[in-house]
Amino acid sequence: MARLLISAAHKSSGKTTFTIGLAAALTRAGRRVQCFKKGPDYIDPLWHARATGRPSFNLDFNTQTADEIAALVAARGRGADLELIEGNKGLHDGIDLEGADSTAALAKLLGAPVTLVIDASGMTRGIAPLLMGYRLFDPEVAIAGVVLNRVATARQEAKLIAAIERYTDVAVLGTIGRRADLVVEERHLGLTTPQETAGVERVIDELAAAVAAGVDLDRLVAAGRRAHEDDLRSRPIVVTPPPAPVEDPVTIGVARDGAFCFYYQDDLDALERAGAKLVPFSAIETPRLPAVDGLFIGGGFPESHVAALAANRSLRADIARQGHAGLPIYAECGGLMYLSRSIAWKGTRGDMVGLVPADAVVEERPQGRGLVVLEE
């Protein structure tokens, strides 16, 4: 088994597209890849799952202890050839000045060597002091090597590699050229989801081909395997117990479509372990609510599907009627918006379920962002 963490110097360097391409390339080469994402993040794990055929899991300092993170990786990585972890933002970015919530802290916690994806746009010799700084800033972070992304020409590539080899001991694991087709589109809340990306399989094929052609995959995986050997001997293997028999199981409807797709796999697994039967339905296409004992409506992009959600009057009426009659409903973010009277965005307004006596208005810019801790 090997363990690798993918990070960058700053956000939008291409680490997500690289991770997707790497996961897909290794999967198609016959390796079993288990992906994780430094959270909170709903969208990138959807892409990981499309690339590998396996659910991807969040690792989040905000909601998990260090022991819980290590145990989750141990449990979910069992049987995989590679545990592939995608960081967020830059390697050392975070809220805490000491870096306790950074991707670097996660790398040290898990003993995972880091591959840095560097956006090399407009750079040549300047790559050397950048990498020297990352090597020296926190020597406890093991840097396996660097992948140079968005390299414009063969001449620039040669200059970058020469500077790295002359001034640093950081291994160059590969280069990827600047190509307009190697981009997953971004929007107001991050990347578009696989469900809403035209030709999603073609996009993943292109990313996998680019990574396979430009990166030394065997060398990259070998670096992760060497660093992982001692950790494998020392860490306990946590076995997730099978679901216990339940005499009176409950059925929970889960809204899953282009409008509602933000779910942590851990939550869904925990519900099933507790004896729940999960029944997916589409708030856009399903005309009547299935026979359920409760609803789980996660976040997503209901503002992008206002007209379609509003047009499904029969489902909205079912949810409103059963909600008023006492049907338990858990809804968050976009799901809570769906339960309101209406959603308005970019001049479009549509009626929603109406259980919550409020109207949701999506502004052009975020009105607030962050995490809140509630005490009962």
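Residues numbered from 1 in each chain as written. Predicted model: local features only at pLDDT ≥ 70, side-chain atom pairs only at ≥ 80, totals over all residues. Heavy atoms only, no water.

Novice: I'd like to hear about the nonpolar core, residue by residue, with values.
Specialist: Phe-18, Leu-22 and Leu-84 are the most contacted members of the largest nonpolar core, which totals 36 residues. Considering each element in turn, this core owes the most residues, seven residues, to helix α1 (residues 15-28). Residues within four places of Leu-84 in sequence aside, it is in contact with Leu-4, Ile-6, Thr-19, Leu-22, Ala-23, Val-33, Gln-34, Cys-35 and Phe-36. (Core = buried A, V, L, I, M, F, W, Y, C linked by side-chain atoms within 4.5 Å. Buried < 20%, exposed > 50% of the residue type's maximum accessible area, 1.4 Å probe, protein only. Helix = DSSP H or I, 4+ residues; strand = E, 2+ residues; numbered from the N terminus. Contact = heavy atoms within 4.5 Å.)

Novice: Describe the environment of Asp-216, with residues and values.
Specialist: Looking at where Asp-216 falls in the secondary structure, it is placed in the loop between α7 (200-214) and α8 (217-234). Residue Asp-216 is classed as partly exposed on the basis of its relative accessible area, which comes to 36%. It is 18 Å that separates the C-alpha atoms of Asp-216 and Ile-85, two residues lying 131 residues apart in sequence. Engagement of the side chain of Asp-216 in a polar contact is seen with the backbone nitrogen of Arg-219, the distance being 3.1 Å. (Polar contact = N/O pair within 3.5 Å; in protein donor to acceptor, adjacent residues only side chain to side chain.)

Novice: So what's going on with the environment of Ser-102? Residues and values would help.
Specialist: Along the chain, Ser-102 falls in the loop between β4 (82-86) and α4 (103-110). Ser-102 sits 15 residues away from Gly-87 along the chain, and the two C-alpha atoms are 8.6 Å apart. In this structure, Ser-102 is in contact with Lys-38, Phe-61, Leu-91, His-92 and Asp-93, ignoring residues within four places of it in sequence. Side-chain polar atoms of Ser-102 contact the backbone oxygen of Gly-99, separated by 2.8 Å.

Novice: Explain the pattern of salt bridges residue by residue, including any values.
Specialist: Applying the stated criterion across every chain yields a total of 16 salt bridges. The salt bridge partner of Asp-205 is Arg-28, with a shortest N-O separation of 2.4 Å. Of this pair, Asp-205 sits in helix α7 while Arg-28 is found in helix α1, placing the two residues 177 residues apart along the sequence. For Arg-288, the salt bridge goes to Asp-318, with nearest N and O atoms at 2.9 Å. Taken as a pair, Arg-288 in the loop between β12 (277-281) and β13 (294-297) and Asp-318 in helix α11 (residues 313-324) lie far apart in primary sequence, 30 residues in all. Look at Asp-318 and you get buried, because its relative accessible area is 4%. (Salt bridge = Lys/Arg side-chain N within 4 Å of Asp/Glu carboxyl O.)

Novice: Outline the packing of α1 against helix α2 (residues 43-52), listing residues and values.
Specialist: The contact between α1 and α2 brings their axes to 8 Å, and the two run at 20°. Comparing their axes, α2 and α1 come out roughly parallel. Seen along the crossing, α1 lies across α2 with a hand that is right-handed. For the pair α1 and α2, the contacting residues are Thr-16, Thr-19, Ile-20, Ala-23, Ala-24 and Thr-27 in the first and Asp-44, Trp-47, His-48, Ala-51 and Thr-52 in the second. Looking at the contact of α1 with α2 residue by residue, the classes come out as five nonpolar, five polar and one charged. (Axes fitted to C-alpha atoms, helices over the stretch in contact; angles between N-to-C directions. Parallel < 35°, antiparallel > 145°, perpendicular 65-115°, else oblique. Left-handed = near helix turned anticlockwise from the far one by under 90°. Nonpolar A, V, L, I, M, F, W, Y, C, P; charged D, E, K, R; others polar.)

Novice: Which residues make up unusual backbone geometry, and what values do they have?
Specialist: Here the residue pair Gly-39 and Pro-40 is connected by a cis peptide bond, since its omega of 5° sits within 30 degrees of zero. Its identity as a non-glycine residue notwithstanding, Ser-12 has a phi of 60°, on the positive side. Examined against the element boundaries, Ser-12 turns out to sit in the loop between β1 (2-8) and α1. Overall, Ser-12 belongs to the partly exposed group, its relative accessible area being 38%. In this structure, Lys-89 takes a positive phi of about 55° despite not being glycine. On the secondary structure map, Lys-89 appears in the loop between β4 and α4.

Novice: Can you break down α7 residue by residue, with the values?
Specialist: Along its 15 residues, α7 runs 21 Å from first to last C-alpha, staying within 8% of the 21 Å computed at 1.5 Å per residue. The complete set of buried residues in α7 reads Val-200, Val-203, Ile-204, Leu-207, Ala-208, Ala-210 and Val-211. One side of α7 carries all its buried residues, which in axial view fall inside an arc of 165°. (Expected span 1.5 Å × (residues − 1). Arc of directions from axis to C-beta.)

Novice: Could you give an account of the sheet that holds strand β3 (residues 57-59), naming the residues involved and the relevant values?
Specialist: With parallel pairing, seven strands are arranged side by side in an open sheet as β3-β2-β4-β1-β5-β6-β7. Two strands close off the open sheet at either side, each with one partner strand: β3 and β7 (172-177). Pairs of neighbouring strands in the sheet enclose a mean axial angle of 25°, with direction left out of account. Pairing of strand β2 (residues 33-38) with β3 involves three bridges; the strand directions are parallel. Looking at β3, one finds that Lys-38 is bridged to Leu-59. Sheet strands touched by α1: β1, β2, β4, β5 (114-119), β6 (143-151) and β7. Its angle to β4, the strand with the most contacts, is close to 165°. (Pairing = 2+ DSSP bridges.)

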